[in-house]
Amino acid sequence: MELNNLTISQAQSGLKKKKFSGAELVKACLKRINQVDPKIKAFITVCETEALKNPINAGPLSGIPIAVKDVFCTSGMKTTAASRVLKDFVPPYDATVVEKLKQAGAIILGKTNLDSFCHGSSTETSDFFTTKNPWNLARLPGGSSGGSAAAVTADETIAAIGTETAGSIRQPAAWCGVVGLKPTYGRVSRYGVIAMASSLDSPGPIAKTVEDAAILLNIMAGNDPKDATTLRAGVPDYLKDLNAPIKNLKIGLPKQYFPREMDSKVKQKIEEAILVLEKLGAKIIPISLLDPHYAIAVYTIIQRAEVSSNLARYDGIRFGHERDQFNEENKRRIMLGTYTLSAGYYDAYYLKAQKARTLILEDFRKAFGKVDVIVGPTSPTTALALGASQKSAMFGELQDLLLEPSSIAGLSGLSLGAGFAAGLPVGMQIIGPPLSEPLILQVGQAYQQATDWHERKPNL
Amino acid sequence: MKKNLKFKIENLKLSETEVVHVAKLANLVLTTAEVKKFQSQLSETLAYIAILDKISTQKLLPTSQVTGLENVYRPDEISAGLPLEEALRGAKEIQNNMFKTKAIFQDGTK
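Residues numbered from 1 in each chain as written. Chains lettered and ligands numbered in written order. Predicted model: local features only at pLDDT ≥ 70, side-chain atom pairs only at ≥ 80, totals over all residues. Heavy atoms only, no water.

1. Digging into the pattern of salt bridges
Then, in step 1: Across all of its chains, the model carries 19 salt bridges over all chains by this definition.
Then, in step 2: K37(B) is paired through a salt bridge with E328(A); the nearest N and O atoms lie 2.9 Å apart. Placement of the pair is K37(B) in helix α3 (residues 32-49) and E328(A) in helix α10 (residues 328-341), with the two residues belonging to separate chains.
Then, in step 3: Given a relative accessible area of 36%, K37(B) falls into the partly exposed group. (Salt bridge = Lys/Arg side-chain N within 4 Å of Asp/Glu carboxyl O. Helix = DSSP H or I, 4+ residues; strand = E, 2+ residues; numbered from the N terminus. Buried < 20%, exposed > 50% of the residue type's maximum accessible area, 1.4 Å probe, protein only.)

Right under this line is the structure:
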């Protein structure tokens, strides 16, 4: 087996037994990047020299190559947010997540492509290029963390880091057939992450297996004095109960998460996956949630408003380029946010959305009174064709229909492969209450132990 | 219901003047083509958002954050900031160890 194909847990075991070195792992990944990235285009920057030369810290991730979404500040390493505004920006400090990864011994392999400033669900709004889905190069990888998901899928890296505001980890993970974990809002520090919507942004892992996602969360999670919104709750060992059985676990199945516009083949695969969970002893309980279309409206208002506020700081004076370098999607979002926050409209839009946000939170709270976790499709379709995002001014929101409610409520969510439809991966999501990462990882692990979808590789 | 939605779309159409005004507030310069495009796209998005009119929110309190954290303070201790050279490194123009900004008065030099 090629070393770049390994999971974190396999690589850790091989390194421990001295079957290979960290440098060999990095070289295998760099070789793979050279081979396939001209086709996939997952990376904006490959840190070949740094990855090979920087000393490796001792720690749980010692010698493990990790790709990082190009929205995390990396000290001395170009960080662009896939925008011309930051095309040559070199941050003077590391994001907390990057610092933690480095301290744990991880090797930063490179910076992956995304929708510019995370504005999208396809990587098509990147100012540099569009990443291709490794399962079918004529298809999108999803986004905004599309570069990270594609790099993991194509075995260009052992694992990757992404960020999610509403769908940006789980949707590309689903479209690429890998594992994506959106932690509870506040579980992972946002310090040094170029902001999209500050009340929603959640950094998280994209990995080959559920176990790897748990390994990464162990490193990433925790209170950070530099991010006042991080939770103070202690960080459990996410590996501890990973293999516990899910017998008698109550899994809620919301009928609203199987909307009319859904691809029937996706629906079928998810129904099959639910049968697997039922066979493992879980109790499937039909539930009813608010129509997720309301969440799109709430999300659109809140996110655009926070985008308008966050991007107001880009003036090209202290760093970066001037505001005329924002692309059309950036401008469209800034404009709508500025409009809804402007005098006379605040109550009708922003305040109304914040109140509706309360309704969505209460809706989930009620649901979690009856069930332990909620399961459904991650995306209503499999990966769409290149160019699909040009068809609607709200492409991202509509793609993330089934992800926006849980993001708005700040919940934890996991997406993992649940089979294939016409050769493209189908993603299943598991949503849990705040800080229920141990539980949703446990459900995902039980499913992966009973199936082998995660072992399939695209032919590149 | 369809009729109702149509009414909303017409009702929420932004005028060209409004688009130009919002662009000014957002410190963005738009081309004539962009103004036209955003006029219809922003109206389209606002029409979608109008779905919220169907739910009653009068009795609800707004949620501005989901963590429940309040009054998060750090110890009032002075710690070292970025060295001057590092802080200035990203700037396109500097003068006397300071960021150079555009003039804000009309008769200033650019």
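2. Notes on the pairing of strand β6 (residues 202-207) of chain A
Residue and element names in this part refer to chain A.
Then, in step 1: Within β6, six of the six residues are buried, which leaves it mostly tucked inside the rest of the structure.
Then, in step 2: In the sheet, strand β4 (residues 159-164) pairs with β6 via five bridges, with the strands oriented antiparallel. Across the sheet, T163 pairs through a bridge with P203, a residue of β6. (Pairing = 2+ DSSP bridges.)

3. Focus on unusual backbone geometry
Residue and element names in this part refer to chain A.
Then, in step 1: Of note, the bond from G143 into S144 is cis; its omega dihedral lies within 30 degrees of zero at 10°.
Then, in step 2: Positionally, S144 belongs in the loop between β3 (107-112) and α5 (146-153).
Then, in step 3: At N248, a position not held by glycine, the phi torsion is positive, near 70°.
Then, in step 4: Take N248: it is sitting in the loop between α7 (210-220) and β7 (250-254).
Then, in step 5: Of note, the phi angle at L435 is positive, near 65°, even though the residue is not glycine.
Then, in step 6: Relative to the elements of secondary structure, L435 occurs in the loop between β11 (424-432) and α14 (437-450).
Then, in step 7: A relative accessible area of 35% means that L435 is categorised as partly exposed.

4. Some words on the interface of chain A and chain B
Then, in step 1: Counting residues at the interface gives 56 residues for chain A and 48 residues for chain B.
Then, in step 2: Counting each side, the surface lost to burial between chain A and chain B is near 4600 Å², with a carbon and sulfur contribution of 69%.
Then, in step 3: Here chain A is connected to chain B by three salt bridges.
Then, in step 4: The residue E34(B) makes a salt bridge to K331(A) at a minimum N-O spacing of 3.0 Å.
Then, in step 5: The tally of links between chain A and chain B comes to 14 residue pairs in polar contact (both at pLDDT 80 or more).
Then, in step 6: Here the side of chain A that touches chain B takes twelve residues from helix α11 (residues 347-370) of chain A, the largest share from any one element.
Then, in step 7: Across the side of chain A that touches chain B, the residue classes tally to 30 nonpolar, 14 polar and twelve charged. (Contact = heavy atoms within 4.5 Å. Buried area = accessible area lost by both parts, 1.4 Å probe. Polar contact = N/O pair within 3.5 Å; in protein donor to acceptor, adjacent residues only side chain to side chain. Nonpolar A, V, L, I, M, F, W, Y, C, P; charged D, E, K, R; others polar.)

5. Topic: the packing of aromatic side chains
Residue and element names in this part refer to chain A.
Then, in step 1: Applying the stated criterion across every chain yields a total of 13 aromatic pairs over all chains.
Then, in step 2: Seen from their ring centres, Y339 and Y349 are 6.0 Å apart, and the 55° between their planes marks the pair as tilted. Separated by ten residues along the polypeptide, Y339 in helix α10 and Y349 in helix α11 bring together distant segments of the chain.
Then, in step 3: What links up through ring pairs into an aromatic cluster is the set F89, F117, Y314, F319 and F326.
Then, in step 4: Sitting over the ring of F129, K41 keeps its end group 4.8 Å from the ring centre. (Phe/Tyr/Trp six-rings, centres within 6.5 Å; stacked < 30°, edge-to-face > 60°. Lys NZ or Arg CZ within 6 Å of the ring centre and 35° of its normal.)

6. Some points on the pairing of β7(A)
Along any regular strand, the residues point their side chains to alternate faces of the sheet.
Residue and element names in this part refer to chain A.
Then, in step 1: As defined by bridge partners, β7 adjoins strand β8 (residues 283-287) across five bridges and the pair is classed as parallel. Across the sheet, the residue bridging to G252 is I285, located in β8.
Then, in step 2: Of the crossover connections in this fold, the one passing from β7 over helix α8 (residues 264-279) to the parallel β8 is right-handed.
Then, in step 3: One ladder, built from two bridges, connects β7 with strand β9 (residues 373-377); its direction is parallel. Paired with G252 across the two strands is I374, which belongs to β9. (Right-handed = clockwise from strand over helix to strand, strands pointing away.)

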